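Each chain is listed here by its residues.
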Amino acid sequence: TITEDGDLVILGGKLVLAKMSRKNGLKFRVYDRDEFASNLDRYHSKLAKYPSLWPMISILLGNDYVARVKGNGPVAVLGKEGKKGDTNRPDDGLIDCYARASDKDEWLDQYENENDEVPDGWANTARKTEEFILHPPVFEKCKETGKV
């Protein structure tokens, strides 16, 4: 699949070509869903740990449907990695806190209410976006009219 960004991986794309450019020859980025689900590094290991939470990870990082909250980069969302050889648990990211929350809706509301950088209505937009990602609408053509 070819797209402007990597959101299609979250929507189920197996291999996505994104950020295509013709400057100095054809360049693009390849997003491989299987690679995301591997334990290549600290970020991939979190993706492997929480495959059912990929939609929320993309929401917390910001995507085409929900604007990125200032400060929500990969470290804030996925957590910090401890120093090499450090046996202490790496710092939790937002997704770890979300995963542990017994009431996900309450967590989203609390996150919005306690963070000055989160715009009003963000939690509702996040919920709607997650629902859209998990259950995208499917349109079919009418056999009689040919219209969608």
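Small disclaimer: the values here were computed from a predicted structure and weren't measured.

*Asks:* Please set out the side chain of S58 residue by residue, giving values where relevant.
*Replies:* The residue S58 is located in helix α4 (residues 54-61) in this model. One polar contact links S58 to N63, side chain to side chain, over a distance of 3.2 Å. The residues touching S58, leaving out its near neighbours within four places in the chain, are I10, N63 and I133.

*Asks:* Requested: an account of the nonpolar core, with residues and values cited.
*Replies:* Among the nonpolar cores identified, the biggest contains 30 residues, and I57, L60, I95, W107, L108, Y111 and W122 are the most heavily contacted of them. Among the elements of the structure, α1 (7-10), α4, α5 (74-78), α6 (94-100), α7 (104-114) and α8 (122-134) are those that each provide at least two residues to this core. What I95 contacts, discounting residues up to four positions off in sequence, is Y50, L53, M56, I57, L60, V77 and L78.

*Asks:* Describe a nonpolar patch on the surface, with residues and values.
*Replies:* Nonpolar side chains collect at one region of the surface, where L15, L26, F28 and V30 lie side by side and expose about 370 Å² of accessible area between them. Along the chain, F28 turns up in strand β2 (residues 27-32).

*Asks:* Outline α8, listing residues and values.
*Replies:* Between its first and last C-alpha, α8 extends 18 Å over 13 residues, near the 18 Å set by a 1.5 Å rise per residue. Inspection of α8 places W122, A123, A126, T129, E130 and I133 among the buried residues, and these make up the whole buried set. For α8, the angular spread of buried residues about the axis comes to 125 degrees, placing them on one side.

*Asks:* Please set out the environment of E131 residue by residue, giving values where relevant.
*Replies:* Relative to the helices and strands, E131 is located in helix α8. For E131, a relative accessible area of 46% corresponds to the partly exposed category. C-alpha separation for the pair E131 and P55, spaced 76 residues apart in sequence, amounts to 9.0 Å.

Calculation rules
- Residues numbered from 1 in each chain as written.
- Predicted model: local features only at pLDDT ≥ 70, side-chain atom pairs only at ≥ 80, totals over all residues.
- Heavy atoms only, no water.
- Helix = DSSP H or I, 4+ residues; strand = E, 2+ residues; numbered from the N terminus.
- Polar contact = N/O pair within 3.5 Å; in protein donor to acceptor, adjacent residues only side chain to side chain.
- Contact = heavy atoms within 4.5 Å.
- Core = buried A, V, L, I, M, F, W, Y, C linked by side-chain atoms within 4.5 Å.
- Buried < 20%, exposed > 50% of the residue type's maximum accessible area, 1.4 Å probe, protein only.
- Patch = residues over 30% accessible without salt bridge, like charges linked within 9 Å, V, L, I, M, F, W, Y side chains within 5 Å.
- Areas by Shrake-Rupley, 256 points an atom, 1.4 Å probe, with all protein chains shown as cover.
- Salt bridge = Lys/Arg side-chain N within 4 Å of Asp/Glu carboxyl O.
- Expected span 1.5 Å × (residues − 1).
- Arc of directions from axis to C-beta.

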